[in-house]
Amino acid sequence: MRIDILTLFPEYFAPMIRMGPVRAAMEAGSLELYVHNLAHFADHPKQVDDLPYGGGAGMVLRPEPVARALQALPEGWVVYLSAQGVPLCQTRVEMLARKPHLILLAGRYKGLDERVIQRYVHLEISIGDYVLSGGEPAALVLVDAVARLLPGALGDQASSETDSFQWGILGPPEYTRPLEFEGMRVPEILRSGNHAAIARWRRKEALRKTLLRRPELLRKIPLSREDRQLLDELLREEGLR
Ligand SMILES: C[S@@+](CC[C@H](N)C(=O)[O-])C[C@H]1O[C@@H](n2cnc3c(N)ncnc32)[C@H](O)[C@@H]1O
C-alpha cells in the first residue's frame, strides 16, 4: 500500500522510517511512504496559517495549501488526524490497512479550515480524548499500527495474531526467561508442552484481563461456549459472583 503524509513538520517522521515495522514493511515492498511539507504548497507569501474568522486566539491552517497538495497527489483515501474524529481502534486500523492508498493530514495550531475538511477528507480520526499540539504524533501512531499488519513488517506475522484487540479483547500476559524473577515464577503450564492446555490458559488469562480492565469489550465480541465457561470460572475466582 501507499501512504502519503502532509505535515508542516516532515522531520517528525524521520526516525519512524529508519526503524521497526515501518522500515521492514518498506523494505519488503508492502509499504511506500512519502512525507510532504505542506509549506511547499503555500502561495506567496508562504503563509500556511491565518487569523480565525470571528476572532479569538490561535491561528487556523489555510485551506489552499492543503487542497493544492491533495491535487498534486494521486487519488487516495484522505484521513485528517483530529481530536474531533472517530476513535482509532483495531477494527479501523484493519480497514485502513486494506486501502491501497492513504493520505494523512496532520493539523497544527487551531486546526484546518473546515471547508477543506468538508471537500476533501473521507474520515477524521482521533487517537484519544485529549488534545495534541499537532497531528504528527497521531499520524505516527496510525502508520505504525497499519504497517505492522502489512506483509514483511513483523519478524513473525503470527505474533500479531495474539496481540490485544486482534481477538477483540486484551491479549494474555507474556513471559520469557528467567524462569524465576524476584521470587515470581513463570506459570508452570507454559512449560508443560501441552499446546491445547496452553491455548486454553492464554484465552482464559486474556479474558481475565479484559474482564478486570475493559469489561465493555466483552459485550462487543461473540463469546463461544468455552469462553462462557472460562468467564464463569473467572467470575468465581475473582469473587465477582
Ligand atoms: C491543537 S490541535 C487543534 C485542536 C482543535 N482546535 C480542536 O478543538 O479539536 C492541533 C492539531 O493536532 C491534531 N490533534 C490534536 N488532538 C488530536 C487527537 N486526539 N487525535 C488526532 N489528532 C489530534 C489535529 O491535527 C489538530 O489539527
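Just so you know, these numbers come straight off a predicted model, no measurement behind them. (Residues numbered from 1 in each chain as written. Predicted model: local features only at pLDDT ≥ 70, side-chain atom pairs only at ≥ 80, totals over all residues.)

**With respect to the overall build of the protein**
The criterion, for reference: Helix and strand assignments come from DSSP, with helices taken as H or I runs of at least 4 residues and strands as E runs of at least 2, each series counted from the N terminus. Burial is judged by counting the other C-beta atoms within 10 Å of a residue's own C-beta: 20 or more makes it buried, 12 or fewer makes it exposed, and any count in between marks it as partly exposed, with every C-beta position built from the backbone. Here, residue contact means that the backbone-derived C-beta atoms of the two residues sit within 7 Å.
Across its full length, the protein holds eight helices and nine strands. Within the protein, the proportion of its 241 residues that are buried is 25%. Taking contacts inside the protein between residues at least 6 apart in sequence as the whole, the part at least 24 apart equals 75%.

**Details of the site of the ligand**
To keep things clear, this is the line we draw: What makes a residue near a molecule or strand is its C-beta atom, placed from the backbone, lying within 6 Å of it. In the scheme used here, Gly and all other residues not listed as nonpolar or charged are polar, with Ala, Val, Leu, Ile, Met, Phe, Trp, Tyr, Cys and Pro taken as nonpolar and Asp, Glu, Lys and Arg as charged.
In the region of the ligand, 19 residues are neighbours, and Ala-83, Gly-107, Gly-111, Gly-135 and Ala-138 sit closest. Top element by residues in the shell around the ligand is strand β5 (residues 77-87). It accounts for four residues. Of the residues assigned to the shell around the ligand, the class counts are eight nonpolar, nine polar and two charged.

**With respect to the sheet that holds strand β2 (residues 32-37)**
Just so we agree on the cut-off: Criterion used throughout: strands pair if DSSP finds at least two bridges between them. Simply put, an axis is a line fit to the C-alpha atoms, just over the touching stretch for a helix, and the angle between two N-to-C directions goes from 0 to 180 degrees.
Taken together, five strands build an open sheet; the order of strands is β2-β1-β6-β5-β7 and the sheet is parallel. With partners counted over all chains shown, the strands left at the sheet margins are β2 and β7 (123-126), one partner each. Taking the axes of each pair of neighbouring strands and ignoring which way they run, one obtains an average angle of 30° across the sheet. Where strand β1 (residues 2-7) lies against strand β6 (residues 101-106), five bridges are found, and the strand directions are parallel. Paired with Ile-5 across the two strands is Leu-104, which belongs to β6. The strands that helix α6 (residues 136-147) touches are β1, β5, β6 and β7; relative to β6, the one it contacts most, it runs at about 155°.

**Remarks on unusual backbone geometry**
A negative phi holds for most residues other than glycine; trans holds for most peptide bonds. The omega torsion across Arg-177 and Pro-178 is 10°, close enough to zero to call that bond cis. Mapped onto the secondary structure, Pro-178 falls in the loop between α6 and β8 (180-181). Residues other than glycine seldom take positive phi values, yet Tyr-109 does so here, at roughly 55°. Along the polypeptide, Tyr-109 turns up in the loop between β6 and α5 (114-120). One non-glycine residue, Glu-182, adopts positive backbone phi at about 45°.

**Focus: the domain arrangement of the protein**
Rule in force here: Source of the domain bounds: an automatic or database domain assignment.
Here the domain parsing of the protein yields domain 1 (2-147) and domain 2 (163-237). Taking the mean C-alpha position of each, domain 1 and domain 2 sit 37 Å from one another.

**Considering helix α8 (residues 225-237)**
Our working rule: Any helix carries an expected span of 1.5 Å times its number of residues minus one.
An ideal rise of 1.5 Å per residue puts 18 Å on 13 residues; α8 measures up with 19 Å between its terminal C-alpha atoms. Of all 13 residues that make up α8, one are buried, and the element is exposed over most of its length. Backbone geometry just downstream of α8 places Gly-239 in the positive-phi region, at approximately 65°.

**Observations regarding the pairing of β6**
Operational definition: With its strands directed away from the observer, a crossover is right-handed exactly when the path from the first strand over the helix to the second travels clockwise.
Burial analysis of β6 places five of its six residues in the buried class, which makes it a mostly covered element. In this region the chain leaves β5, passes through helix α4 (residues 90-97) and returns to the parallel neighbour β6; the handedness of that crossover is right-handed.

**Some remarks on the packing of helix α2 (residues 20-27) against α6**
Test applied: For classification purposes, angles smaller than 35 degrees are called roughly parallel, those larger than 145 roughly antiparallel, those between 65 and 115 roughly perpendicular, and all remaining angles oblique. Take the far helix as the reference: if the near one is turned anticlockwise from it by less than a right angle, the crossing is left-handed, and if turned clockwise, right-handed.
Where α2 contacts α6, the two axes come as close as 8 Å, and the packing angle between them is 55°. Considered as vectors, α2 and α6 are oriented oblique to each other. Judged by the sense of rotation from one axis to the other, the crossing of α2 with α6 is left-handed. Each of Pro-21, Val-22 and Ala-25 in α2 lies in contact with α6, whose residues at this interface are Val-143, Asp-144 and Ala-147. Partitioning the contact of α2 with α6 into residue classes produces five nonpolar, no polar and one charged.

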